[in-house]
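Close look at the chain arrangement
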Amino acid sequence: MNEVREDIDRWLAVGETEIALATVLSTWGSAPRKAGAKLAFTAGGAAISGSVSGGCVEGAVIAAGDEVLASGRPQLLHFGVADETAWSVGLACGGTIEVFVERLNPAIYAVARDWLIREATGAVVTVVAGPEELLGCQLALGPDGVTGSLGKVWDELARASARAAKRPSRAWLAEGVEVFIDVLRPAPRLIIVGGAHIAVALVRLADVLGYRTAVIDPRRAFASAARFPTAGRLSAAWPDRALADDPPDADSAVITLSHDPKIDDPALRAALGSEAFYIGALGSRKTHAARRERLAAQGFSAEQLDRIHAPIGLDIGADNPEEIALAVMAEIVAAYRGKEAGEQGSRGAGEKG
């Protein structure tokens, strides 16, 4: 939703009311966009924002959107190699995609927009298959409660499904009633402890990937705006204090780069006590073995310490700060996307030093 938000806001600001929203529900094969991807457009495709296929099926989706705007009835579209339509819209390479097209619901959009601005997590539940009177009904569940309704019979089931979902996904509330749960999460956050030269490259790369960034280093010269002009947050506090004031959550990655146990260990203790999806530490295997011993002596179990990726980063033969940053970000992205990085080679990217 965030990729189309600014354009939708601009259209609404000038009084545009004929806005359609297309959402990818599921994909198979080589389809280039994932569940939850959005395409917003006005009547006739006069204005377009976002994408559901990287250009393959947009024309057909916009044509269906015009029908939706005229009739008020949402449509579930299917494109795949088994369909003659697939060849005409460009999915002949083997991809299959299902897209739900609806008229933009201003009340639901306003709630979702607020979540995005506040960097809050929420879910929009939309009926994508079922009785005609339910099709397109929506319910939004977020930090401030519930907006909208699918009807008394279905609301409790929808809320339970929304709470259980971690990613955009489909679910059956009952036989014949299917919903799409569009989980909206803030952009992932990269918390870097230690403003070393690798951190400078990491912040630049994280910016490109859309990550929020924070740099923590009690050595003021290392966590300066001059070194990190685009960092979302700079802190010269000690890491335990900084992370207590703004704890890592399930959308956070925490990495330590200072090579100083007085700085790195408090950060790792805080990270291990959090829901951070990734924890990494720079240093050699020997350095990490000593680190594990120190943390184990403070009461951390072997299972907890196994959460720490060290040596940090994928083994791509990285040999300079920029390459190490690439290797580290690749491992972080893999963890965020739920992919196993596989076995490391003889040396992780962040083993040097």
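These numbers come from a predicted model, not from an experiment.

Attention now moves to the nonpolar core. L190, I192, L202, Y211, I255, L257 and I332 are the most contacted members of the largest nonpolar core, which has 27 residues in total. Listed by contribution, the elements that provide at least two residues to this core are β11 (189-193), α6 (197-208), β14 (252-256) and α11 (321-336). When sequence neighbours within four positions are dropped, the list of residues in contact with I192 reads A199, L202, V203, A214, V215, I216, I255 and L257.

What follows covers the packing of aromatic side chains. Considering all chains together, one arrives at two aromatic pairs under this definition. Chaining the aromatic ring pairs together yields one cluster made of Y211, F277 and Y336. Positioned above the aromatic ring of Y336 is the side chain of R167, whose terminal nitrogen or guanidinium carbon lies 5.2 Å from the ring centre.

A word on the pattern of salt bridges. According to the stated counting rule, one finds 19 salt bridges in the structure shown. A salt bridge links D114 to R118, with the nearest nitrogen and oxygen atoms 2.7 Å apart. Note that D114 and R118 are positioned in helix α4 (residues 106-118) at a spacing of four residues, about one turn of the helix. The partly exposed category is assigned to R118, whose relative accessible area is 39%. Overlapping salt bridges bring together R5, D9 and R113 as one network.

What follows covers the sheet that holds strand β8 (residues 145-148). One open sheet holds the five strands; their spatial order is β8-β7-β6-β10-β9, and the pairing between them is antiparallel. At either end of the open sheet lies a strand with only one pairing partner, and these are β8 and β9 (169-174). Averaged over neighbouring strand pairs, the angle between their axes works out to 25° when direction is ignored. Judged from the four bridges that link them, strand β6 (residues 122-129) and strand β7 (residues 138-142) form a sheet pairing that is antiparallel. Bridge pairing in β7 links V124 to A140. The sheet strands contacting α4 are β6, β7, β8 and β10 (177-184), and the helix crosses β7 at an angle near 25°. Across the face of the sheet, helix α5 (residues 152-164) comes into contact with β6, β7, β8, β9 and β10 while running at roughly 50° to β7.

Read across the open sheet, the five strands follow the order β3-β2-β1-β5-β4; overall the sheet is antiparallel. Of all strands in the sheet, those with a lone pairing partner are β3 (48-50) and β4 (75-79), marking the two edges. Across the sheet, the mean angle separating the axes of adjacent strands is 20° when strand polarity is ignored. In the sheet, β4 pairs with strand β5 (residues 96-103) via five bridges, with the strands oriented antiparallel. Its bridge partner being in β5, Q75 is matched across the sheet by V101.

What follows concerns the confidence of the model for the protein chain. On average, residues of the protein chain carry a pLDDT of 90, and 91% of them reach 70 or more. Confidence over residues 342-347 falls short of pLDDT 50; this stretch has 13 contacts with residues more than four positions distant or in other chains.

Take helix α2 (residues 58-71) next. Its 14 residues place the ends of α2 20 Å apart at the C-alpha level, agreeing with the 20 Å of an ideal helix rising 1.5 Å per residue. For α2, every residue scored as buried is listed here: E58, V61, I62, A64, G65, V68 and L69. The arc that holds the buried residues of α2, viewed along the axis, is 165°, so those residues lie on one side. Residues of α2 that are exposed and point more than 90 degrees away from the buried face comprise G59 and A70. Of the surrounding elements, those touching the buried residues of α2 are β1 (19-28), β2 (38-42), β3, β4 and β5. Where α2 terminates, the next one or two residues include G72, which has phi positive at roughly 80°.

The rules behind these values
- Residues numbered from 1 in each chain as written.
- Predicted model: local features only at pLDDT ≥ 70, side-chain atom pairs only at ≥ 80, totals over all residues.
- Heavy atoms only, no water.
- Core = buried A, V, L, I, M, F, W, Y, C linked by side-chain atoms within 4.5 Å.
- Buried < 20%, exposed > 50% of the residue type's maximum accessible area, 1.4 Å probe, protein only.
- Helix = DSSP H or I, 4+ residues; strand = E, 2+ residues; numbered from the N terminus.
- Contact = heavy atoms within 4.5 Å.
- Phe/Tyr/Trp six-rings, centres within 6.5 Å; stacked < 30°, edge-to-face > 60°.
- Lys NZ or Arg CZ within 6 Å of the ring centre and 35° of its normal.
- Salt bridge = Lys/Arg side-chain N within 4 Å of Asp/Glu carboxyl O.
- Pairing = 2+ DSSP bridges.
- Axes fitted to C-alpha atoms, helices over the stretch in contact; angles between N-to-C directions.
- pLDDT = per-residue confidence, 0-100.
- Expected span 1.5 Å × (residues − 1).
- Arc of directions from axis to C-beta.

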